[in-house]
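# Structural features, examined
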Amino acid sequence: MSADVSEVTLWQRVCERLATELPEQQFNTWIRPLPAAEVIHLQEGNGEDAVLVSLRVPNRFKLDWIRSQYAGRIEMILGELAGKTARLELSLAPRETIAPLPRNTAPAASMGQVLQQHGLRSGSSAAAAAAASNAAASNAAASSSAGASAPAARPAAPVTAASLVGNAPPPGAAQTLPPSATRHRINTSLTFDTLVPGRANQMARTAALHVAGAPGQMYNPLFIYGGVGLGKTHLIHAVGNALLKDRPDARVLYLHAEQFISDVVKNYQRKTFDELKAKYHSLDLLLIDDVQFFAGKDRTQEEFFNAFEALLAKRAHIIMTSDTYPKGLVDIDERLTSRFDAGLTVAIEPPELEMRVAILIKKAEAESAPMPEDVAFFIAKNVRANVRELEGALRKVLAYSRFSHKEINIQLAREALKDLLSIQNRQISVENIQKTVADFYKIKVADMYSKKRPASIARPRQIAMYLAKELTQKSLPEIGELFGGRDHTTVLHAVRKIGGERQKNTELNQQLHVLEQTLKG
Ligand SMILES: Nc1ncnc2c1ncn2[C@@H]1O[C@H](COP(=O)(O)OP(=O)(O)OP(=O)(O)O)[C@@H](O)[C@H]1O
């Protein structure tokens, strides 16, 4: 098999293979929800090429289960597809409070240790020191490969009212967690100190700081929206951490909307709605992530409405996040969306270049790996979509430098990110923009080049021109040419008009974010 399968397709192809091998329910529960894996190409100690595939799993329970049940098979498929030795590294995504390891779970290992286990080149003291600092800074990366450690015993106790506060087990699996691990579900590393401020998050951060200092007063509820990976989750954890620092006994709960849904389902099955009410209605601060997931879930919406009303009545604070502003939410009851909008609604924007650079430098510092400013600019210029992607790029560059024992410079960053850069260059073409915008506004692609002038066509066309200028290196005349031979002044007019309106019109701004994220992949 070819060894140059790009990393996105490599992981996609692993998933496709697993989809044919596993029962559908197993595949849908364990494999489908996983984010795309990261791939680093390396040389083994003996000089042979190898590929290290790093997969981030949302919680420890899933991580242990995937490690014990699927890691071996995944590695085999990866090896086959990549045409070289493949090593799988599983680690926790830094999203939730991580429960202490159960006794029978293998101890956490750093990426460096994993490489050593596998005989990959990382044996120098510099690499070991870097790996050690990595392990300390990261969320207890628990790494594995097939057969590398004994699988954790599957927790078997039934779900109890107390456990409902904790990590919702994936469908078809039960779990119990120690109460201390499930109390607030706040990730202590996501604080205001570790959140880089900038124009993109200025309003949201200011409002969040205000709520942390005086919960239950102004801006209740606080509704934070924005595209993926822009720091919404980080920000609401920061509020939880700040409040708990001031008032350690405050009843704070962070949860993802899907966990609320799963709570409602469980209580529905067991007819224990009083327990559900007791749990949610007693909080001082409820932090709920990604409320767009409530779409179409009527019973969940009803229970959330009840919790919402009860909490506001007793001046507890509610902070929600979503991928869109309240009125943009679909399939959510209007009595809820209008309440979501009744406090303060703020957007988090994609960070601008300087903020991306500051984030990279801060995150590299946290890993004890100083990042030269020119390299930070290079990465930030090329990775524009969101902070999560930026972090992924940084991890790759740092890993590449550690494992190749080369210093971090632009050449090395270019090398480490070459797959990502080529995917980006391939994806954002004017044709791609025209097609995506036409699909989004439900017009024909041919209307992008036509002379038709009705607003329903002219406006999407202007939006596409604006995006072509923003997202490609093409000049105004080149863009005009690709839009049916239009003059460059027409393109300039469109770019200025849409750019100006974007500053004032929230709905347009939101649509542009969606389009940009879609195009950047
Ligand atoms: N301003 C920032 N400073 C430092 N780190 C940031 C910043 N913004 C985001 N991050 C980091 O980027 C990653 C993604 O952020 P986060 O999970 O909060 O995004 P999100 O907006 O909640 O995305 P999603 O909608 O996909 O859940 C996290 O690791 C977070 O710590």
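Conventions we followed
Residues numbered from 1 in each chain as written. Predicted model: local features only at pLDDT ≥ 70, side-chain atom pairs only at ≥ 80, totals over all residues. UniProt positions renumbered as here; feature names shortened; annotations may be inferred. Near = placed C-beta within 6 Å. Helix = DSSP H or I, 4+ residues; strand = E, 2+ residues; numbered from the N terminus. Nonpolar A, V, L, I, M, F, W, Y, C, P; charged D, E, K, R; others polar. Domains from an automatic or database assignment. Pairing = 2+ DSSP bridges. Axes fitted to C-alpha atoms, helices over the stretch in contact; angles between N-to-C directions. Contact = placed C-beta atoms within 7 Å. Core = buried A, V, L, I, M, F, W, Y, C linked by C-beta atoms within 7 Å. Buried ≥ 20, exposed ≤ 12 C-beta atoms within 10 Å, placed from the backbone. Expected span 1.5 Å × (residues − 1). Right-handed = clockwise from strand over helix to strand, strands pointing away. Parallel < 35°, antiparallel > 145°, perpendicular 65-115°, else oblique. Left-handed = near helix turned anticlockwise from the far one by under 90°. pLDDT = per-residue confidence, 0-100.

Under the annotation held in an unreviewed UniProt entry, the chain carries the name Chromosomal replication initiator protein DnaA and is attributed to Roseateles depolymerans. Of the chain, the UniProt comment under Subcellular location (unreviewed entry) reads exactly: "Cytoplasm". According to its UniProt record, the chain has this under Sequence similarities (unreviewed entry): "Belongs to the DnaA family."

Glancing now at the site of the ligand. The environment of the ligand is formed by 17 residues, the closest being Gly231, Lys232, Thr233, His234 and Val387. Secondary-structure elements contributing two or more residues to the shell around the ligand are helix H9 (232-246) and helix H16 (387-404). Class assignment for the residues of the shell around the ligand results in eight nonpolar, six polar and three charged. Taken domain by domain, the shell around the ligand gets at least three of its residues from each of domain 2 (182-347) and domain 3 (353-426).

Time to look at the sheet that holds strand E6 (residues 285-289). Either a parallel or an antiparallel arrangement is found when strands of a sheet pair, and the pairing is made through backbone hydrogen bonds. Ordered by their spatial adjacency, five strands build an open sheet running E5-E6-E7-E4-E8, and the pairing between neighbours is parallel. Each edge of the sheet is formed by a strand with only one pairing partner; in this case those strands are strand E5 (252-256) and strand E8 (344-347). Each neighbouring strand pair of the sheet contributes to a mean axis angle of 15 degrees, computed without reference to strand direction. Pairing geometry for strand E4 (residues 222-225) and strand E7 (residues 317-322), over four bridges, is parallel. Its bridge partner being in E7, Tyr225 is matched across the sheet by Ser322. Against the sheet, H9 contacts E4, E5, E6 and E7, and its axis sits at roughly 165 degrees relative to E6. Each of E5 and E6 touches helix H10 (residues 257-270); the most contacted strand, E5, lies at about 95 degrees to it.

Judged by nonpolar contacts, the single largest core of 103 residues is most densely connected at Leu78, Val239, Leu286, Leu360 and Ile379. For this core, the element with the highest residue contribution is H16, accounting for eight residues. Residues Val430, Ile463, Met465 and Ala468 belong to the second largest nonpolar core, which totals 21 residues.

If a residue is not glycine, its phi is most likely negative; likewise, a peptide bond is most likely trans. Along the chain, Asn220 connects to Pro221 via a cis peptide bond; the corresponding omega equals 0 degrees. Phi at Lys271 is positive, roughly 50 degrees, even though this residue is not glycine. Along the chain, the position of Lys271 falls in the loop between H10 and helix H11 (273-281). Of note, Lys442 is a non-glycine position whose phi angle comes to about 55 degrees, a positive value.

Before going further, it helps to examine helix H12 (residues 298-313). One turn of the α-helix equals 3.6 residues, which is why residues spaced by three or four share an orientation. Counted at 1.5 Å a residue, the expected span for H12 with its 16 residues is 22 Å, and the 22 Å between its end C-alpha atoms agrees. On its buried face, H12 sits against H10, H11, E6, E7 and helix H13 (334-340). A positive phi of about 60 degrees marks Arg315, the residue just after H12.

Of all the five residues making up E6, five are buried; the element is thus mostly covered by neighbouring parts of the structure. Burial of E6 is two-sided: the residues Leu285, Leu287 and Asp289 facing one way and the residues Leu286 and Ile288 facing the other way are all buried. For E5 and E6, the ladder comprises five bridges, and the chain directions are parallel. Of the residues in E6, the one forming a bridge with Leu253 is Leu286. In the sheet, E6 pairs with E7 via four bridges, with the strands oriented parallel. Across the sheet, the residue bridging to Leu287 is Ile319, located in E7. In this fold, E6 hands off to H12, which returns the chain to E7; that crossover is right-handed.

Where H10 contacts H11, the axes come no closer than 8 Å and their chain directions differ by 145 degrees. Facing H10, whose interface residues are Asp263, Val264 and Asn267, H11 presents Phe273, Glu275 and Leu276. When its residues are assigned to classes, the contact of H10 with H11 shows three nonpolar, one polar and two charged.

Viewed as axis vectors pointing N to C, helix H14 (residues 353-366) and helix H15 (residues 373-382) meet at an angle of 125 degrees, and their least axial separation amounts to 9 Å. With respect to H15, the axis of H14 lies oblique. Regarding H14 and H15, the two cross each other, and that crossing is right-handed. Residues Leu353, Arg356, Val357, Leu360 and Ile361 of H14 form the contact with H15, whose participating residues are Ala376, Phe377, Ile379, Ala380 and Lys381. Split by residue class, the contact of H14 with H15 holds eight nonpolar, no polar and two charged.

Okay, the UniProt feature "binding site: ATP" (unreviewed entry) in the chain next. Listed under "binding site: ATP" (unreviewed entry) in the UniProt record, and renumbered for this structure, are Gly229, Gly231, Lys232 and Thr233. Locating Lys232 in the fold gives a position in helix H9. Excluding anything up to four places from it in sequence, Lys232 contacts Ile224, Gly226, Thr321 and Ile348. Mapped onto the elements, Thr233 comes out in helix H9.

When you line up the elements, Leu467 lands in helix H20 (residues 455-471). Given 24 C-beta atoms within 10 Å, Leu467 falls into the buried group. Remark: the alpha-carbon pair of Leu467 and Val495, spanning 28 residues in sequence, is separated by 8.1 Å. Excluding anything up to four places from it in sequence, Leu467 contacts Ile433, Val437 and Leu515.

You can see Leu244 is positioned in helix H9. With 32 residues separating them in the primary sequence, Leu244 and Ala212 have C-alpha atoms 9.1 Å apart.

Across the chain, the average pLDDT comes to 79, with 79% of residues at or above 70. Throughout residues 1-5 the model reports pLDDT below 50, and contacts reaching past four residues in sequence, or to other chains, amount to 12 contacts. Counting contacts from residues 95-181, a segment whose pLDDT is below 50, to residues more than four positions away or on other chains yields 157 contacts.

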